[in-house]
Amino acid sequence: MSESRSSNRSLPSVPRKHRRGLTRSAAACERCRRRKQKCDGKTPTCSTCRAVGATCVPSDRLVVKPVNTECQCDLLRTQLEALQNQYQSLLGQYEQLQVQLQRAEEALQQSTSIAAVSILPPTKGNVSDLVLRVPGQESQRLDPDLSYHGRIIQPTFSPRSYVKGTNHSALSSAWDLWGDDLPPLDETSRASPVMPQFDNEAYLNLANTFFDYRWPYLPVLHKPTFLREHLTPFLSHSISSAISNFLVNLVCAIAATEKPWSQQGNGQIHRLFFRRAIQDLHVVIETDDFECVQCLLLLCLYGHNEPQSINIWYTTGLALKLALGMDLHRKESLDSQSIMRAEMSKRVFWAAFVMDCNMAINMGRPLGIRESDITMPPPLPLLDDQLDNPPTIPDFAVAQMPGISAFIHTVKLRKINAAVYETFHSIGRPLLDPTDLHDKRKWYFSELNQWLIDSPRFLQTASTYQSPEWFLIAFHHGILSLHRPSRAAPIPSPDDLRICMESSIGLISSYSALYARNRIKYTFVSVHSLFLAAVTMLYVLRASPPLRHELTRPVVQTNILTFLTIFRGISNGRAVGEKCANIIEHLGDSILTLFNDNREPGLEVDTAFQSWFGLRTHSFPTVMQASSLEDENTPA
């Protein structure tokens, strides 16, 4: 049996043949298929159907169907391709976050074991040449992607989803203006920055630009010391510290925001310098307290230009707390110190005070320290070269001295601003008695007026913060803060409205003068100040029909166009500039309708005004009530 089976397997396979006379049709008709009969598939009638006279319906296989013009295939293919691209993008972001998390854990482990660090400066922009030296270990390459991952480099104004449950009456208008902005795209990436080639002269020019343009506002560095101990070793490629690398790159980043060529050519150069600087930020946090405060204040200065790259509020508070921890707010901390150390301690503390007041007022937050807790005297009006051998300076020459005289005057201004903010705009401030309100406003107005009279004068200066226009802007901004709607006085009097109108126009005139000479650059403080001035001007026109009747429609329209031009001009294409312009344009259109008829704008306009002042909505007086109030305040 098995032999027969094996013999059958060995036989060659013979192809199967169909019986003669039987042919298979490609497709039988519907009747033959249903009856399971043989069909020759002839068209239009097969032989079987013709024989019985039946209707022959050809099979679908033989029918050519017309193209469906409503087919969604192409659309579905496009959607599928888009979904695939989105999936790949999300997958890449997920992998990038995984890498960042791993590097953060490695950085945390390394930071606990490093006792002292010295880093060789990059050779002409090559960050891969950074060398990390750890005592007791061999030199190893420093990961160029290793950077600080804390709150300092988070946005100042968080997205609205993070503050969704917060009462917006407790937030300043800056949150609505910048809350939707995201950090620059090139700073969200942790890839190693690619820097262009810079020679020593370019670095020196950037350093001089910093000390000429931005240093007068915040003199936290001693120029000879910076050049001798930080910039020179950095450029000579000798052994320099991580602090030197941080300071040089951050000073260049701040200076690049002022250079005209940074706007004409590569407008991102300041961000590249900044990204190189923050690669050493994890070392800065662990350094000596005094140097750490200097570095943090420089970060805040850079944050004025890039508020969504630096959490200025957090960084300012950290710098101030470190300064207070060293007792820099007390004059007793100056005992037994050299003139150099004493004056730099004064400068650093008062710089932290100025920055803290500035941020608290613009963000609607509490002040970090009260003036009554400070006994530290202001710094002497000395040049950096004079700190080693200070000359004898008569009192009358203090205001005319170059150097930090503008900074000393700024400190006086911030003291007045802090007092006005605490009296009128503090979140827990109750309504003031009319008599007390009048006396306080009169006192602060005299202080601001005397401050403007005593402001230093410079024949030639490169810094905007030493120009007469800047002192006028600061004065008018203080007057507006004193008389605009506040928690202590939500409904200004007719006299207050008139003062607000004059100060708003004075502020826009000073900004226009700086803009005409290209002396004003984008900072979130300047944009916010200009925005509040524009809102206050339109608010006065809305609230006071008598003042509105003194102006003509073309004059008001020209003032609005001036605001819009400056907003868009200094913002350099940023979204916040266009957002401010659209808001002012919308409110301005509502106010311009008042010149056409006597119909009052809707309640939504009043709500918009009060929301920008951070107040609850209140009703405005009618035309008859406003006229009676004006008559009551007009002397007989």
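Just so you know, these numbers come straight off a predicted model, no measurement behind them.

**Brief notes about the packing of helix H13 (residues 289-305) against helix H14 (residues 312-325)**
Closest axis-to-axis distance for the H13/H14 pair is 9 Å, and the angle between their directions is 155 degrees. Between H13 and H14, the interaxial angle falls into the category roughly antiparallel. Crossing angle aside, the handedness with which H13 passes H14 is left-handed. Of the residues in H14, those touching H13 at Asp289, Cys292, Val293, Leu296, Leu297, Leu299, Cys300, Gly303 and His304 are Ile312, Thr315, Thr316, Leu318, Ala319, Leu322 and Ala323. When the residues that make up the contact of H13 with H14 are grouped by side-chain class, the tally is 11 nonpolar, four polar and one charged.

**Quick word on the UniProt feature "domain: Zn(2)-C6 fungal-type" (unreviewed entry) in the protein**
According to UniProt, the feature "domain: Zn(2)-C6 fungal-type" (unreviewed entry) maps to residues 28-57 in the numbering used here. The span residues 28-57 shows a helical share of 40% and a strand share of 0%, and its end C-alpha atoms are spaced 9 Å apart.

**Regarding the confidence of the model for the protein**
Averaged over all residues, the pLDDT of the protein is 78; the fraction at 70 or higher stands at 73%. Across residues 393-401 the pLDDT falls below 50, and counting only partners more than four positions away or on other chains, this stretch makes 13 contacts in the model. Between residues 617-636, whose pLDDT stays under 50, and residues either more than four places distant or in other chains, the model counts 25 contacts.

**Side note on the nonpolar core**
Among the nonpolar cores identified, the biggest contains 151 residues, and Phe210 and Phe349 are the most heavily contacted of them. Top element by residues in this core is helix H20 (residues 524-543). It accounts for 14 residues. A domain-level breakdown of this core finds at least three residues from each of domain 2 (198-386 + 402-429) and domain 3 (442-618). Listed in part, the seven residues of the second largest apolar core include Cys32, Cys39, Cys46 and Cys56.

**What to know about the pattern of salt bridges**
Under the counting rule described, the total for this entry stands at 13 salt bridges. A salt bridge links Glu332 to Arg330; the nearest nitrogen and oxygen atoms lie 3.6 Å apart. When its relative accessible area of 38% is taken as the criterion, Arg330 is described as partly exposed. Linking Glu550 and Arg498 is a salt bridge whose minimum nitrogen-to-oxygen distance equals 3.0 Å. Of this pair, Glu550 sits in helix H21 (residues 545-550) while Arg498 sits in helix H19 (residues 494-516), and the two are 52 residues apart along the sequence.

Rules used in this analysis
Residues numbered from 1 in each chain as written. Predicted model: local features only at pLDDT ≥ 70, side-chain atom pairs only at ≥ 80, totals over all residues. Heavy atoms only, no water. Axes fitted to C-alpha atoms, helices over the stretch in contact; angles between N-to-C directions. Helix = DSSP H or I, 4+ residues; strand = E, 2+ residues; numbered from the N terminus. Parallel < 35°, antiparallel > 145°, perpendicular 65-115°, else oblique. Left-handed = near helix turned anticlockwise from the far one by under 90°. Contact = heavy atoms within 4.5 Å. Nonpolar A, V, L, I, M, F, W, Y, C, P; charged D, E, K, R; others polar. UniProt positions renumbered as here; feature names shortened; annotations may be inferred. pLDDT = per-residue confidence, 0-100. Core = buried A, V, L, I, M, F, W, Y, C linked by side-chain atoms within 4.5 Å. Buried < 20%, exposed > 50% of the residue type's maximum accessible area, 1.4 Å probe, protein only. Domains from an automatic or database assignment. Salt bridge = Lys/Arg side-chain N within 4 Å of Asp/Glu carboxyl O.

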